[in-house]
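Topology and contacts: notes
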Amino acid sequence: MKRKTRLPSTLGSQQGPVGAFMWRRAPSLPGYLRVRQATAILLGLAPAGRQLTVLPSDVFLVSYPRSGNTWLRFLVGNLMFPEGQTTFGNLETRVPDIYVHSDRVLKRMDNPRVLKSHEPYDPRYRNVVLLVRDPREVASSYYWYLLKQRVLAEDTSIPDYADAFLRGSLDSFGTWEHHVASWLAARRGDQQDLLLVR
């Protein structure tokens, strides 16, 4: 008989560099890696994420995770650079991900910058292309992605996962509903350019 996975009451409370860990605790880093991580932060080499310096000319490709942002980055990259095909090898130099590059690196990129983000509404983002995917497809894609990345335990049941997805405890971006609603509410205002892609 297979034992049912129980989710801890602190699900999603352990923040990592790219979101929350769940079900399986991340092993504590050995001393040399903690020093390395602290050094990266002190030298400004840690991924920018929410601490990104936003420029007035920036354009953000925003979506909830697993909504097709990489697909959109390829489309935009090929439109911006018609002289050469956008590939996984050059995607980060053409349409960089704010969770991969440090603020220092991103500030050195040519303007206007087109940047990938999964952040909920941020008033600093003046020019936004919001990509929205059906939440049922997002949930399914995210489940298989988290299994592949070994963030979810292999015996995580679909009902347990669905509950965590609906509560927004899989990462630091909140629920799909809150994420999309935050941007759509901003769309009603006239302070921002926002293009909705579904």
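Positions within a chain are numbered from 1, following the residues in the order the chain's sequence is written. Only residues with pLDDT of at least 70 are given local features in this predicted model, and only at 80 or more are side-chain atom pairs given and counted; all residues enter the totals for whole chains, interfaces and linings. With hydrogens and water stripped out, all remaining heavy atoms of the structure feed into the side-chain values.

Structural notes on the packing of aromatic side chains
Convention followed: By convention, a stacked pair of Phe, Tyr or Trp rings (six-membered ring in the case of Trp) has centres within 6.5 Å and planes under 30 degrees apart, an edge-to-face pair has planes over 60 apart, and any other such pair is tilted. Helix and strand assignments come from DSSP, with helices taken as H or I runs of at least 4 residues and strands as E runs of at least 2, each series counted from the N terminus. Each residue is assigned to one of three classes by its accessible area relative to the maximum for its type, calculated with a 1.4 Å probe on protein chains only: buried under 20%, partly exposed between the two thresholds, exposed over 50%.
One pass over the full model with this rule turns up 10 aromatic pairs. Geometrically, the ring pair formed by Phe60 and Tyr125 is stacked, given 3.7 Å between the ring centres and 0° between the ring planes. Placement of Phe60 in strand β3 (residues 59-63) and of Tyr125 in the loop between β4 (114-117) and β5 (127-131) is noted, with a sequence separation of 65 residues between them. Accessibility expressed as a relative area gives 0% for Tyr125, which makes it buried.

Describing the sheet that holds β4
Put simply, the rule is: Two strands are said to pair when DSSP picks up at least two bridges between them. Every axis in this analysis is a line fitted to C-alpha atoms, fitted for helices over the stretch in contact. Angles between the N-to-C directions lie between 0 and 180 degrees. Only heavy atoms matter for contacts: two residues are in contact if any of them lie within 4.5 Å across the pair.
Strand order in the open sheet formed by four strands is β4-β3-β5-β6, with parallel pairing between adjacent strands. The open sheet has two free edges, formed respectively by β4 and β6 (193-197), since each of these has just one partner strand. Within the sheet, the average angular offset between the axes of one strand and its neighbour, ignoring direction, is 20°. On the sheet, helix α7 (residues 176-188) packs against β3, β5 and β6 and is oriented at approximately 130° with respect to β6.

Thoughts on the pairing of β3
Judged by how many residues are buried, β3 sits mostly within the fold: four of five residues are covered. Sheet topology places β3 next to β4; four bridges connect them, and they run parallel. For Leu61, the partnering residue across the bridge sits in β4 and is Lys116. Note that β3 and β5 share five bridges and pair parallel. The partner of Val59 across the bridge, within β5, is Asn127.

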